[in-house]
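Observations on the three-dimensional arrangement
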Amino acid sequence: QGYTVAVVGATGAVGQKIIEKLVERSFPYSKLKLLASKRSSGKEVEVNGLTYTLEEATPASFEGVDIAFFSAGGSISKALAKEAVSRGAIVVDNTSAFRMDKDTPLVVPEVNKQALHEHQGIIANPNCSTIQMVAALEPIRKEYGLSKVIVSTYQAVSGAGAAAIDELITQSEAIKEQKPNPAILPVKSAEKHYPIAGNVIPQIDVFEEDGFTYEEHKMMNETKKIMTLPNLSIAATCVRVPVVTGHSESVYIEIDKEDVTVDELKQLLSNAKGITLQDAPEQQQYPMPYFATDKDDVFVGRIRKDPSNSNGFHMWIVSDNLLKGAALNSIQIAEALIEEGILKEV
Ligand code: A2P
Ligand code: 11C
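Structural notes, computed from the coordinates.

What counts as what
Residues numbered from 1 in each chain as written. Chains lettered and ligands numbered in written order. Predicted model: local features only at pLDDT ≥ 70, side-chain atom pairs only at ≥ 80, totals over all residues. Heavy atoms only, no water. Axes fitted to C-alpha atoms, helices over the stretch in contact; angles between N-to-C directions. Helix = DSSP H or I, 4+ residues; strand = E, 2+ residues; numbered from the N terminus. Parallel < 35°, antiparallel > 145°, perpendicular 65-115°, else oblique. Left-handed = near helix turned anticlockwise from the far one by under 90°. Contact = heavy atoms within 4.5 Å. Nonpolar A, V, L, I, M, F, W, Y, C, P; charged D, E, K, R; others polar. Near = heavy atom within 4 Å. Polar contact = N/O pair within 3.5 Å; in protein donor to acceptor, adjacent residues only side chain to side chain. Areas by Shrake-Rupley, 256 points an atom, 1.4 Å probe, with all protein chains shown as cover. Expected span 1.5 Å × (residues − 1). Bend = angle between axes of the 7 residues up to and from the residue. Buried < 20%, exposed > 50% of the residue type's maximum accessible area, 1.4 Å probe, protein only.

A short note on the packing of helix α4 (residues 128-144) against helix α7 (residues 262-270)
The N-to-C vectors of α4 and α7 enclose an angle of 120°; their axes lie 9 Å apart at closest approach. As judged from the angle between their axes, α4 and α7 are oblique. Crossing of α4 over α7 shows right-handed handedness. For the pair α4 and α7, contact is made by Ala136, Pro139, Ile140, Glu143 and Tyr144 and by Glu264, Leu265, Leu268 and Leu269, respectively. For the contact of α4 with α7, the per-class residue count stands at seven nonpolar, no polar and two charged.

Right, here's the structure in full:
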């Protein structure tokens, strides 16, 4: 007894983590449908001791599915998510396809679980760099209010998919030959590609008219929507670094309350669910992506008061972009749908 679960993009960097987390967290599934492109159709994968055959994702794949996790790119979600909903499934979509639609809840459960009740069949999982930031900022907003955010990211290549991981590894192994032949980063469809090994690329996703990239717009717009702060002053600079997994963020915030101390912020964050405070400079203790990999929590450290604004604080936020940034948050959304009685009992 349990739910029929589909994973679309089951062979991808995030899809594989979704499968891992379904098993690890004992998600109550009785049937698992692993869907990918035609290229993968017929391949076999083992999950928790059982062998599954990958199928091509088509509208008919969703017959009888209760919950479908989509992580195969925005165009696949646009083509198939509504097909899944029309066949009775609830979709948790990890792409940007529906995030800003007014009828689509955009959810980080510890921030806005109640938004799930408004769903019309699709629930959007936010962008990875947004999730870890709002998870860390929500306890602060709740206690002290939040008026401004300026964030610069240091994002891992796994955010750009399995092929980008291969690109970094291949280039790193051949770094002395200096013939990197970049083909994926910064944006697969863009005219120019740059090496990522030994480099830092200040472009994630495509540029928009105002000079910000789509990734930067995602961070700004999604944060306002999730935190229900439409007038929040927020700006993002998103940067790709040669790290396989784990996004890092330098975040400056301004809060509404006067005279809050660094120790009070630390105390607040150390009690927050899903947050690990790693902030002991005297012991060189601070979050790093190397150590955040394969961990569920969002790690926060380097908390300092701004030298010229007593309402301003700086901090460093790190999390595994494939877990809390993607797969884990998606599963937590599904778990919340069950807890809230939204996903029908089976
Ligand atoms: P496939 O391995 O068959 O190409 P990543 O984000 O790591 O690049 O992974 C992308 C995921 O999206 C993979 O699982 C990939 O499957 C899947 N995918 C790509 N194109 C399609 C498609 N047309 N239909 C369904 N899944 C797709
Ligand atoms: C990256 N944040 O690191 C992106 C990946 O909107 O879900 C996630 C893209 C998205 O490249």
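Moving on from the coordinates now.
Quick look at the site of ligand 2
Taken together, the residues surrounding ligand 2 are Asn94, Arg99, Asn127, Cys128, Gln155, Gly159, Ala160, Ile204, Glu215, Lys218, Arg240 and His247. Separating an oxygen atom of ligand 2 from a side-chain N or O atom of Arg99 is a distance of 2.7 Å. At 2.7 Å, a side-chain N or O of Asn127 approaches a nitrogen atom of ligand 2. Contact with the protein chains hides 84% of the accessible area of ligand 2, taken as 320 Å² for the molecule alone. Looking at the shell around ligand 2, its residues break down into three nonpolar, five polar and four charged.

Thoughts on the packing of helix α1 (residues 13-24) against helix α9 (residues 323-339)
Between α1 and α9, the shortest axis-to-axis distance is 9 Å and the interhelical angle comes to 45°. What the angle tells us is that α1 and α9 run oblique. For the pair α1 and α9, the crossing hand works out as right-handed. For the pair α1 and α9, contact is made by Val14, Lys17, Ile18, Lys21 and Leu22 and by Leu323, Ala326, Ala327, Leu328 and Ile331, respectively.

Some thoughts on helix α2 (residues 74-86)
When the terminal C-alpha atoms of α2 are compared, their 18 Å separation across 13 residues agrees well with the 18 Å that a helix rising 1.5 Å per residue should span. In α2, a bend of some 35° at Leu80 exceeds every other bend along the element. Among the residues making up α2, those that are buried are Ser77, Leu80, Ala81 and Ala84. Structurally, α2 contributes buried residues whose contacts are with β6 (67-70), β7 (90-93) and β8 (122-124). Gly88, located one to two residues past α2, shows a positive phi value of around 100°.

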